[in-house]
Amino acid sequence: MKHRHIVSVTDPTSNPISIIVMLAWPIFLEQVLVSLVQSVDTAMVGSLGANATAAVSICQNPINLINSVILALGVGFTTMIARAVGAKQYEYSRLLIRQSIVVVVGLGIPLSALCFALSRKIPIWMGAAPEILDDAQTYVRIIACSMLFRSLLMVLTAIYRGFGDSSTPMMVNIGINLLNVAGNFFMIYQTRELIIFGHPITVWGAGLGVGGAALATTLSAMIGSISLLIICFLPRSGPMRIFLHENFRPSWKTLREVSRVSLPVMFERFSTSGAFVMTSAIIASLGTVSIAANSLAGQAESLSFMPGFAFGTAATTLVGQSLGAGSEALARKYVRLSCIIGSVVMFFMSCLLFFCSDGIISLFTPDARVIELGGRLLRILAFIQVPQMLAMVFSGALRGAGDTRSPFLITLSSMWGIRILGSVLAVKLLHKDLPWVCAIMCTDNIVRFFLYLWRYRQGKWVYAAQPAEHLAKEVSESKAS
């Protein structure tokens, strides 16, 4: 039985442009809606006061660091499953699903225990003030209990995308974010009286404050991850379907291959996170207006950033499936079409950022100085939307082929050699302002685009993928063990 959402590059009845759009649009829609829901989530916690906001915010960086490890594993499984699907080695793809569950359980439980044990230390290490320490500890403890489920959710989302199914994780991720907001509504606040259509209505509330926000996040992650897992066992899952009686023992050879693909992605995310922290510290030295303008411009630009992310993620799946099917020409065709379609979309986003810059920033703040400076930043950022998207497509293509080392080295050298070094020189030595820092960031993105293009045109990425017969051999070895 064929899963109604699965997209395969080897389907002769499918149009390549339709395949790209079918993969990319759910990812884009998911990212936009999740971002909007997260903004509502932040506002609901913020309504409790500055201390509550600070208690949650100060824990986000270590949580995001842990997430980056899991997301890197997801890239490894996406790449390998896409190869297997392209080669029609569905038995091996199901082996990978089972191995992912083993890895998540083996990694998620120790992570949960570690975070719970360090729940007091983590906010202290992050510099939490004494007045927010108790709330921060409560937040970390409850989030720690969700690590297993959050890990499973992220890895299964990546696996579905490797199969060419971006619709199912989109619907589940949107659903759990809406559940998170609903959970916040009932768990954060005390029982209270609301006026609805002119009538007073008493609404029950647990009154748990910051702990309620963490509990809502944990419960929604549990529901989402279990939902994606259950779908894997249903008949409608087609080639994705797994069974409880199958072998769930670790396949060390398969896990080593996943690690080979995932570790460079993990290092890349660490280097990127470190670069963002350094850049934020440099901008902070320019004053409050610069901090606010940079933050708001970044929020606005992140929405235009999402189509690029969607096309880049789609390229990972499409290249992996094409090479798994043994067709380098098909892989190159999908990359070329993704670049063309993405360029059209991002050109429109560039025009929107450039011509509506001040108006966009004014949606977030009434401060005239922040609007003026933030508008200047958006007009600069408008010029890199297309090359930034192309960089995402080429890097996604390299990852889909299994070449994750090159994106890591390119990101490390460009972000630290251009973005960080350039920003330090501009601000500390030449005493330039924020638009100069923004221009240096844009230069970093353009350089990365050319480096990714150069690496892609070399063609060495083609040989990073495993041939179909090798996948079949690993399945036989797994059965024998």
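Small disclaimer: the values here were computed from a predicted structure and weren't measured.

As for the overall build of the protein chain
Logical step 1: Looking only at helices and strands, the protein chain features 18 helices and two strands.
Logical step 2: On C-alpha atoms alone, the protein chain measures out to a radius of gyration of 23 Å, which is about the 23 Å that the 2.2 N^0.38 rule sets for 481 residues.
Logical step 3: When the backbone C-alpha atoms are referred to their principal axes, the protein chain occupies close to 60 × 55 × 45 Å.
Logical step 4: Across the protein chain, contacts joining residues at least 24 apart in sequence account for 81% of those joining residues at least 6 apart.
Logical step 5: When the accessible surface of the protein chain is summed, it comes to about 21,000 Å², and 68% of that surface belongs to carbon and sulfur atoms.
Logical step 6: Here the protein chain contributes 36 positive and 23 negative side-chain charges, whose respective centroids are spaced 7 Å apart.

Quick notes on the side chain of Arg399
Logical step 1: Residue placement: Arg399 occurs in helix α15 (residues 385-400).
Logical step 2: Apart from residues lying up to four places away in sequence, Arg399 is in contact with Val75, Thr79, Glu268, Thr316, Thr404 and Pro407.

Some details on the packing of helix α8 (residues 167-187) against helix α9 (residues 210-232)
Logical step 1: Taken N-terminus to C-terminus, the directions of α8 and α9 make an angle of 155°; their axes are 8 Å apart at the nearest point. As far as their axial angle goes, α9 and α8 are roughly antiparallel. At the point where α8 passes α9, the crossing takes the right-handed sense. Residues Thr168, Pro169, Val172, Ile176, Leu179, Asn180, Gly183, Asn184 and Met187 of α8 form the contact with α9, whose participating residues are Gly212, Ala213, Leu215, Ala216, Thr217, Leu219, Ser220, Ile223, Gly224, Leu228 and Ile231.

A short note on the confidence of the model for the protein chain
Atomic detail in the predicted coordinates should be set aside for any region of low pLDDT.
Logical step 1: In the predicted model, the protein chain carries a mean pLDDT of 86, and the fraction of residues at 70 or more is 93%.
Logical step 2: When pLDDT is averaged over each helix and strand of the protein chain, the minimum, 56, is found for helix α18 (residues 468-480) and the maximum, 95, for helix α17 (residues 434-458).

Details of the packing of helix α4 (residues 90-117) against helix α10 (residues 252-284)
Logical step 1: Where α4 contacts α10, the axes come no closer than 11 Å and their chain directions differ by 80°. Between α4 and α10, the angle is such that the two are roughly perpendicular. Packed against α4, whose contacting residues are Tyr92, Leu95, Leu96, Gln99 and Val103, the element α10 presents Thr254, Leu255 and Val258 at the interface.

What about a nonpolar patch on the surface?
Logical step 1: A contiguous nonpolar patch, built from Ile17, Val21, Trp25, Leu29 and Leu33 and spanning about 390 Å² of accessible area, is present on the exposed surface.
Logical step 2: Structurally, the position occupied by Leu33 is in helix α1 (residues 16-46).
Logical step 3: For Leu33, a relative accessible area of 30% corresponds to the partly exposed category.

Let's talk about the nonpolar core
Logical step 1: Tyr139 and Ile159 are the most contacted members of the largest nonpolar core, which totals 58 residues.
Logical step 2: Counting 34 residues, the second-largest nonpolar core is a separate cluster that includes Ala24, Ala314, Val335 and Ala401.

Section: the environment of Gln321
Logical step 1: Considering the arrangement of structural elements, one finds Gln321 in helix α11 (residues 288-324).
Logical step 2: What makes Gln321 buried here is its relative accessible area of 1%.
Logical step 3: The sequence separation of Gln321 and Thr79 amounts to 242 residues, and the corresponding C-alpha distance is 8.5 Å.

Looking at unusual backbone geometry
Logical step 1: Non-glycine residue Lys88 carries a positive phi angle of around 60°.
Logical step 2: Summarising the element assignment, Lys88 is placed in the loop between α3 (60-86) and α4.
Logical step 3: Despite not being glycine, His431 shows a phi value in the positive range, around 55°.
Logical step 4: Inspection of the secondary structure assignment puts His431 in the loop between α16 (405-429) and α17.
Logical step 5: When its relative accessible area of 65% is taken as the criterion, His431 is described as exposed.

Looking at the pattern of salt bridges
Logical step 1: In this structure the tally under the stated criterion is 12 salt bridges.
Logical step 2: Taking the shortest distance from any N to any O, the salt bridge between Arg448 and Asp444 comes out at 2.8 Å. A residue pair is termed a helical-turn pair when its members lie 3 or 4 positions apart in one helix, as Arg448 and Asp444 do in helix α17 at four residues. Asp444 matches Arg448 in its accessibility class, with the two residues each being buried.
Logical step 3: Salt bridges linked by common partners bring Arg83, Glu257 and Arg260 together as one network.

So, α15
Logical step 1: Taking 1.5 Å per residue, 16 residues should reach 22 Å; α15 reaches 22 Å between its end C-alpha atoms and fits that length.
Logical step 2: Most of α15 is tucked away, with 15 of its 16 residues classed as buried.
Logical step 3: With its phi angle positive at about 95°, Gly402 sits one or two positions after the end of α15.

As for the environment of Gly238
Logical step 1: Within the secondary structure, Gly238 sits in the loop between α9 and α10.
Logical step 2: Judged by relative accessible area, Gly238 falls into the buried class, the value being 16%.

Conventions we followed
- Residue positions are given per chain, counted from 1 along the sequence in the order it is written.
- Residue-level local features of this predicted model are given only where pLDDT is at least 70; pairs of side-chain atoms are given and counted only at 80 or more, and the full residue set underlies all totals for whole chains, interfaces and linings.
- In computing side-chain values, all of the structure's heavy atoms are included and hydrogens and water are not.
- Helix numbers and strand numbers start at the N terminus; a helix is a DSSP run of H or I with at least 4 residues, a strand a run of E with at least 2.
- The globule rule used here is 2.2 Å times the number of residues to the 0.38 power, and the radius of gyration it is set against is calculated over C-alpha atoms.
- Should any heavy atoms of two residues lie within 4.5 Å, those residues are considered in contact.
- Surface accessibility follows the Shrake-Rupley procedure with a 1.4 Å probe radius. Residue values consider only the protein chains on display as shielding.
- Positive charges come from Lys and Arg alone, negative charges from Asp and Glu alone, with His and the N- and C-terminal ends not counted.
- The atoms used to mark charge sites are NZ of Lys, CZ of Arg, CG of Asp and CD of Glu.
- All axes are obtained by fitting lines to C-alpha atoms, using only the stretch in contact for helices, and the reported angles, taken between N-to-C directions, cover 0 to 180 degrees.
- For this classification, under 35 degrees means roughly parallel, over 145 means roughly antiparallel, 65 to 115 means roughly perpendicular, and everything else is oblique.
- Left-handed describes a crossing whose near helix is turned anticlockwise from the far helix through less than a right angle; right-handed describes the clockwise counterpart.
- pLDDT is defined as a per-residue confidence score from the predictor, taking values between 0 and 100.
- For patch detection, residues must exceed 30% relative accessible area and be free of salt bridges, and they are connected within 9 Å for like charges or within 5 Å for nonpolar side chains (Val, Leu, Ile, Met, Phe, Trp, Tyr).
- Basic side-chain nitrogens of Lys or Arg form a salt bridge, by our definition, when they fall within 4 Å of a carboxyl oxygen of Asp or Glu.
- Relative accessible area decides the class of each residue, using a 1.4 Å probe on protein chains only: under 20% of the type maximum gives buried, over 50% gives exposed, and in between gives partly exposed.
- Put simply, a nonpolar core is a bunch of buried Ala, Val, Leu, Ile, Met, Phe, Trp, Tyr and Cys residues held in one set by side-chain atoms that sit within 4.5 Å of each other.
- How far a helix is expected to stretch is found by multiplying one less than its residue total by 1.5 Å.

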